[in-house]
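Structural features, examined
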Amino acid sequence: MAATLLSYPTLSSSFLGHSLSDRGHSKRTTPCSFNFRSPRCAVDTPYEGSISKFPRVNVWDPYKRLGITTDASEEEVWSARNFLLSQYAGHERSAESIEAAFEKLLMSSFVNRKRTKINLKTRLKKKVEESPPWVKNLLSFVEVPPPVIILRRLFLFAFMACWSVMNSAEAGPAFQVALSLAACIYFLNDKNKSLPRAAIIGFGALVVGWICGSFLVPLIPTFLLQPTWTLELLTSLVVYVFMFLGCTFLK
């Protein structure tokens, strides 16, 4: 068979549809054809053919674009955004449209909260201006310091209270109360630059706190108290509160 092929070499091509012979042999042979199927590449597939596209990309209203109501809460806005991003994560334009609607609602919520805060301050200021003269005079002695100062003084008097409770089995809270009074007068003098005024406010806070504590402590049920917690100790805790308020918020 090999000799035959060498004697009559014939090339068959499926692309030309007929035989080629180097000797011009008149005998027609059956064309041999091979079917090749080239693999499909990304260019052959239609663009975004298998990727889900967000149907509300061009919707102007951000609420309608995210599929939520106008009275939706912040948690519902976040849930709608996360759900839609998980559904259309493969489509870049859809993800950008969802994020744009979410950011617009987030900015709108921030602006509304800022307006509410400003309106609240305006209303409070208006209420103060419309209040009776004695209320205005009373409020003129009150000021709100920065949060850092409030936290520092709160920590100091809370430490004094804890110290008094931990030392209640051994001695009374007289030493802690004296230290708290000295701290209160120091803070007031540092703010008002007047030692007599600071001393008056400090002793006043001590006296008012002790009187209020003497009336409030007996109203506490006894089963809530420890055996070592005396009336003097519980009254001193009320005094710490009044001295904290006095040296922090009074002028």
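Description of the structure in this document. These figures come from a predicted structure and were not determined experimentally.

With respect to helix H8 (residues 195-216)
Taking 1.5 Å of rise per residue, 22 residues should cover 32 Å, and H8 covers 31 Å from first to last C-alpha, within 8% of that figure. Listed in full, the buried residues belonging to H8 are Ala-198, Ile-201, Gly-202, Ala-205, Leu-206, Gly-209 and Gly-213. Mapping the buried residues of H8 onto a view down its axis gives an arc of 135 degrees, with all of them on the same face. Exposed residues pointing more than 90 degrees away from the buried face of H8 are listed as Pro-196, Ile-200 and Phe-215. For H8, the secondary structure elements touched by its buried residues are helix H7 (174-192) and helix H9 (231-249).

Focus: the packing of H7 against H8
For any two helices packed against each other, the geometry is given by the interaxial angle and the distance between the axes. Interaxial distance between H7 and H8 falls to 8 Å at its minimum, and their mutual angle equals 140 degrees. Judged on the interaxial angle alone, H8 and H7 are oblique. As H7 runs across H8, the sense of the crossing is right-handed. Here Val-177, Leu-181, Cys-184, Ile-185, Leu-188, Asn-189 and Asn-192 of H7 lie close against H8, whose contacting residues are Leu-195, Arg-197, Ala-198, Ala-199, Ile-201, Gly-202, Phe-203 and Leu-206.

A word on the packing of helix H6 (residues 147-166) against H9
At a minimum axis separation of 10 Å, H6 and H9 run at an interaxial angle of 165 degrees. As summarised for this structure, H6 and H9 are arranged roughly antiparallel, according to the angle between their axes. Two packed elements cross with a definite hand, and for H6 against H9 that hand is right-handed. Two secondary-structure elements touch here, H6 through Ile-150, Arg-153, Leu-154, Phe-157, Met-160, Ala-161, Ser-164 and Val-165 and H9 through Leu-233, Leu-237, Tyr-240, Met-243, Phe-244, Cys-247, Thr-248 and Phe-249. Residues belonging to the contact of H6 with H9 are distributed by class as follows: 13 nonpolar, two polar and one charged.

Focus on the nonpolar core
Ranked by size, the top nonpolar core spans 20 residues in total, and within it Phe-157, Cys-184, Leu-188, Tyr-240, Met-243 and Cys-247 carry the most contacts. The set of elements that each furnish at least two residues to this core consists of H6, H7, H8 and H9. No other element matches H7, which puts seven residues into this core. In this structure, Ile-68, Ala-80, Leu-84 and Ala-95 belong to the second largest nonpolar core, which totals 15 residues.

Focus: the pattern of salt bridges
Applying the stated criterion to the full structure yields three salt bridges. Put simply, Glu-143 and Lys-191 hold a salt bridge, and the shortest N to O gap is 3.8 Å. Of the two residues, Glu-143 sits in the loop between helix H5 (133-139) and H6 while Lys-191 sits in helix H7, which places them 48 residues apart along the sequence. Here Asp-190 and Lys-193 are joined by a salt bridge, their closest N and O atoms 3.9 Å apart.

About the cut-offs
Residues numbered from 1 in each chain as written. Predicted model: local features only at pLDDT ≥ 70, side-chain atom pairs only at ≥ 80, totals over all residues. Heavy atoms only, no water. Helix = DSSP H or I, 4+ residues; strand = E, 2+ residues; numbered from the N terminus. Expected span 1.5 Å × (residues − 1). Buried < 20%, exposed > 50% of the residue type's maximum accessible area, 1.4 Å probe, protein only. Arc of directions from axis to C-beta. Contact = heavy atoms within 4.5 Å. Axes fitted to C-alpha atoms, helices over the stretch in contact; angles between N-to-C directions. Parallel < 35°, antiparallel > 145°, perpendicular 65-115°, else oblique. Left-handed = near helix turned anticlockwise from the far one by under 90°. Nonpolar A, V, L, I, M, F, W, Y, C, P; charged D, E, K, R; others polar. Core = buried A, V, L, I, M, F, W, Y, C linked by side-chain atoms within 4.5 Å. Salt bridge = Lys/Arg side-chain N within 4 Å of Asp/Glu carboxyl O.

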